[in-house]
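# What the coordinates show
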Amino acid sequence: MNSIKKCGVLSMVVLSMVLTACTSKPKAQKAEETKSAENWIQLFNGKDLNDWDIKFKGEELGVNYNNTFRVEDGLLRVSYDNWEGWNGKFGHIFYKGEFSHYKLRVEYRFVGDQIKGGPGWAYRNNGLMLHGQSAESMELDQDFPTSIEVQLLGGNGTDDRPTLNVCTPGTNIVMDGLLTEQHCMSSDSKTFHGDQWVTVEVEVYGGDVIRHLIDGKEVLSYEKPQYDPKDKYAQTLIPENGDLIITKGSISLQAESGPTDFRKVELLVLE
């Protein structure tokens, strides 16, 4: 090969390397661009609660009892600093509208101590209430909305206490092909002790499958979310045709005696 050809080949190699370098992007940048292109909806805007409805047991719709739900330092906080002690007033904050097929991503942490007198089972306990009834349809003294609860738990510093479990207020689910009426079932997640931030995701496919994930790894899945016909609150929600399967519903967060911070609550609608 003569010197002219060698020079041409060398030039092509150099040009190829330059083009590759210019078009290559770090994985984190690619992931962020992909996420941006997916049009995630920020349910919590970091500024206010204008798109949310609040319902506490024993209170009319819209009463933010003791200013429990609030926005501080860009966080959606469940705070009990205005409470003298626990009095059984479970609370929920509902995002506007209904959703059917979606991914929900949440960043949360448990902070401080449980309010005096709070239930033992509610220690560092919150939940993502999915496929729920509307806030307007809840009865005055109803504890929890009929829904599928993605239970969030924090560790006590010693014991195993997985998060992203499932509980079923007024509902049932199918696991491993069998209808289960057990109220709560644990996931395979690790325990998150202390006040650390935890990022979780839930994939919801209408009345078919719901998956719980941490760091992209599935820790629990189940099928056919449905109303429990024996539950008095669920009975009022069952349609006239008797179909028990729940294909859509509200999304809400809890206040059940454990101070909790939410840094991000975002949703991606799926086809």
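Rules used in this analysis
- Residues numbered from 1 in each chain as written.
- Predicted model: local features only at pLDDT ≥ 70, side-chain atom pairs only at ≥ 80, totals over all residues.
- Heavy atoms only, no water.
- Helix = DSSP H or I, 4+ residues; strand = E, 2+ residues; numbered from the N terminus.
- Buried < 20%, exposed > 50% of the residue type's maximum accessible area, 1.4 Å probe, protein only.
- Phe/Tyr/Trp six-rings, centres within 6.5 Å; stacked < 30°, edge-to-face > 60°.
- Lys NZ or Arg CZ within 6 Å of the ring centre and 35° of its normal.
- pLDDT = per-residue confidence, 0-100.
- Contact = heavy atoms within 4.5 Å.
- Core = buried A, V, L, I, M, F, W, Y, C linked by side-chain atoms within 4.5 Å.
- Pairing = 2+ DSSP bridges.

## Considerations on unusual backbone geometry
- The backbone phi angle of R124 is positive, close to 45°, even though this residue is not glycine.
- Examined against the element boundaries, R124 turns out to sit in the loop between β6 (101–110) and β7 (125–132).
- On the basis of relative accessibility, which here comes to 10%, the residue R124 falls in the buried class.
- In this model, D215 sits at a positive phi of 55°, which is unusual for a non-glycine residue.

## Some details on the packing of aromatic side chains
- A complete count under the given rule lists 13 aromatic pairs for this structure.
- Between F99 and Y102, the ring centres sit 6.1 Å apart and the planes meet at 70°, which makes this aromatic pair edge-to-face. Taken as a pair, F99 and Y102 share a single burial class, namely buried.
- Grouped by ring-pair contacts, the aromatic residues F56, Y65, F69, Y80, W83, W86, F90, W121 and F144 constitute a single cluster.
- One residue, K89, lies across the ring of Y65, its end atom 5.2 Å from the ring centre.
- Over the aromatic face of W197 sits the side chain of R263, whose NZ or CZ is 4.2 Å from the ring centroid.

## Details of the confidence of the model for the protein chain
- Here the protein chain averages 91 in pLDDT, while 86% of its residues score no lower than 70.
- Of the regions scoring below 50 in pLDDT, residues 9–23 engages in one contact with residues more than four places distant in sequence or in other chains.

## Examining the side chain of S257
- Mapping S257 onto the fold places it in the loop between β16 (249–255) and β17 (260–269).
- Each residue touching S257, except ones within four places of it in the same chain, is listed here: Y80, W86, Q114, I115, G118, P119 and A122.

## Some points on the nonpolar core
- By size, the foremost hydrophobic cluster in this structure holds 49 residues, and its most contacted members are W52, L104, L128 and F262.
- Among the elements that take part in this core, β6 stands out by supplying five residues, more than any other.
- When near neighbours in sequence (up to four residues on either side) are disregarded, L128 contacts L104, V106, I148, E149, V150, L152, V200, V202, S252, L253 and F262.

## Observations concerning the sheet that holds β7
- Spatially, seven strands are ordered β2-β5-β16-β7-β8-β9-β12 in an open sheet, and the strand pairing comes out antiparallel. A single partner strand is all that each edge strand has here, and the edge strands are β2 (52–56) and β12 (184–185).
- Where strand β8 (residues 148–153) meets strand β9 (residues 165–167), three bridges bridge the pair, whose relative direction is antiparallel. Bridge pairing in β9 places V150 opposite V166.

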